[in-house]
Amino acid sequence: MGADLERVLITEDEIHAKLAELAEEIAAEYAGKDVLLVGVLKGAVMVMADLMRALPMTVPVDWMAVSSYGSGTKSSGVVRILKDLDADISGKHVLIVEDIVDSGLTLSWIRANLESRNPASVEIVTLLRKPEAAKVEVDVRWVGFDIPNEFVVGYGLDYAEQYRGLRQVGTLAPHVYS
Ligand code: 5GP
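To start, this report covers the structure provided alongside it. (Residues numbered from 1 in each chain as written. Predicted model: local features only at pLDDT ≥ 70, side-chain atom pairs only at ≥ 80, totals over all residues. Heavy atoms only, no water.)

This part covers the overall build of the chain. In terms of helices and strands, the chain carries 4 helices and 9 strands. Order of helices (α) and strands (β) in the chain, N terminus to C terminus: β-α-β-α-β-β-β-α-β-β-β-β-α. When the backbone C-alpha atoms are referred to their principal axes, the chain occupies close to 50 × 35 × 30 Å. Scored against the burial criterion, the 178 residues of the chain give a buried share of 49%. Looking at the chain alone, contacts between residues at least 24 apart form 67% of all its contacts between residues at least 6 apart. Summed over its atoms, the accessible surface of the chain is roughly 8,700 Å², and 50% of this surface lies on carbon and sulfur atoms. (Helix = DSSP H or I, 4+ residues; strand = E, 2+ residues; numbered from the N terminus. Buried < 20%, exposed > 50% of the residue type's maximum accessible area, 1.4 Å probe, protein only. Contact = heavy atoms within 4.5 Å. Areas by Shrake-Rupley, 256 points an atom, 1.4 Å probe, with all protein chains shown as cover.)

Right under this line is the structure:
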């Protein structure tokens, strides 16, 4: 499946080194606090798996699934909860773990939704951020990499449900789309 990539933007080693850095900062921030990691399915599975293993402490994890993209490559702006959290987050420090922030629409919506449940705090960590995200008011506390405005796959990110298993992040060759 690597042959379908046009260009590798971020290698597996770069991802792991960055997550180790972020884990250190996150661990310091939440030391002694009741923290819950909330992953956004499905894209965040790889970030969550590697980030939680990079953390020096044990933390509970929960998942939400929302729909924002169909099988295309542009944001629909429509957010719908497909799977809600199992846990009650009131009084907890919630850290949303995301794969990518593009328009930020999805994340703003998720954040507002979680904030309405009386948590102690809500912060966001994302592996990737696109330039569009800078234009909207979405306060992302930790960002792994700022990437150009291109559609990327790999490391949890899909194109029509494919390529999530790639170990690196890259752009797809044009032949894949046609
Ligand atoms: P936003 O609402 O920030 O525009 O979009 C967020 C969601 O869109 C992400 O969680 C992700 O599922 C999807 N998305 C945004 N950009 C990309 C991209 O470059 N590649 C893939 N595969 N998904 C993307």
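The discussion continues.
For the rest of this paragraph, the subject is the sheet that holds strand E1 (residues 5–10). One open sheet holds the 3 strands; their spatial order is E1-E9-E8, and the pairing between them is antiparallel. Lying at the two open borders of the sheet, with one neighbouring strand each, are E1 and strand E8 (152–153). Bridge analysis of E1 against strand E9 (residues 169–172) gives 4 bridges, and the strand direction is antiparallel. The residue bridging Ile10 from the neighbouring strand is Val169, located in E9. (Pairing = 2+ DSSP bridges.)

It is worth spelling out the nonpolar core at this point. General note: in soluble globular proteins, nonpolar side chains tend to be found buried as a group. With 28 residues, the main nonpolar core has Leu19, Ile26, Leu95, Val125, Leu127 and Leu128 as its most contacted residues. Counting residues per element, the ones that place at least two in this core are helix H1 (12–29), strand E2 (35–41), helix H2 (45–54), strand E5 (93–101), strand E6 (121–129) and strand E7 (142–146). Here the element with the most residues in this core is H1; it accounts for 6 residues. Setting aside residues no more than four positions away along its own chain, Ile26 makes contact with Leu51, Leu55, Leu95, Val125 and Trp142. With 18 residues, the next largest nonpolar core counts Val38, Ile89, Ile96 and Val122 among its residues. (Core = buried A, V, L, I, M, F, W, Y, C linked by side-chain atoms within 4.5 Å.)

Turning to unusual backbone geometry, a few remarks are in order. That bond from Leu41 to Lys42 is cis: its omega, -5°, falls within 30 degrees of zero. Within the secondary structure, Lys42 sits in the loop between E2 and H2. The phi angle at Glu161 is positive, at roughly 70°, despite the residue not being glycine. Position of Glu161 relative to the elements: it lies in the loop between E8 and E9. Residue Glu161 is classed as partly exposed on the basis of its relative accessible area of 42%. A positive phi is found at Tyr163, a non-glycine position, where the angle reads about 75°. Among the secondary structure elements, Tyr163 is positioned in the loop between E8 and E9. For Tyr163, a relative accessible area of 10% gives the class buried.

Taken in spatial order, the 6 strands make up an open sheet running E4-E3-E2-E5-E6-E7, and their pairing is mixed. Across the chains shown, the open sheet's two edge strands, defined by having one partner strand only, are strand E4 (80–83) and E7. Neighbour to neighbour, the strand axes of the sheet diverge by 30° on average, direction disregarded. Direction of pairing for strand E3 (residues 61–67) relative to E4: antiparallel, over a ladder of 3 bridges. Each residue of the ladder has a partner; that of Ser67, found in E4, is Arg80. Packed on one face of the sheet, helix H3 (residues 105–115) meets E2, E3, E4, E5 and E6 and runs near 170° to E5. (Axes fitted to C-alpha atoms, helices over the stretch in contact; angles between N-to-C directions.)

In the region of the ligand, 18 residues are neighbours, and Ser103, Thr106, Lys130, Val152 and Asp158 sit closest. Between the ligand and Lys130 there is a distance of 2.7 Å, counted from an oxygen atom to a side-chain nitrogen or oxygen. Relative to its free-state accessible area of 510 Å², the ligand is covered by the protein chains to the extent of 92%. Those elements that provide at least two residues to the shell around the ligand are E5 and H3. Partitioning the shell around the ligand into residue classes produces 7 nonpolar, 5 polar and 6 charged. (Near = heavy atom within 4 Å. Polar contact = N/O pair within 3.5 Å; in protein donor to acceptor, adjacent residues only side chain to side chain. Nonpolar A, V, L, I, M, F, W, Y, C, P; charged D, E, K, R; others polar.)

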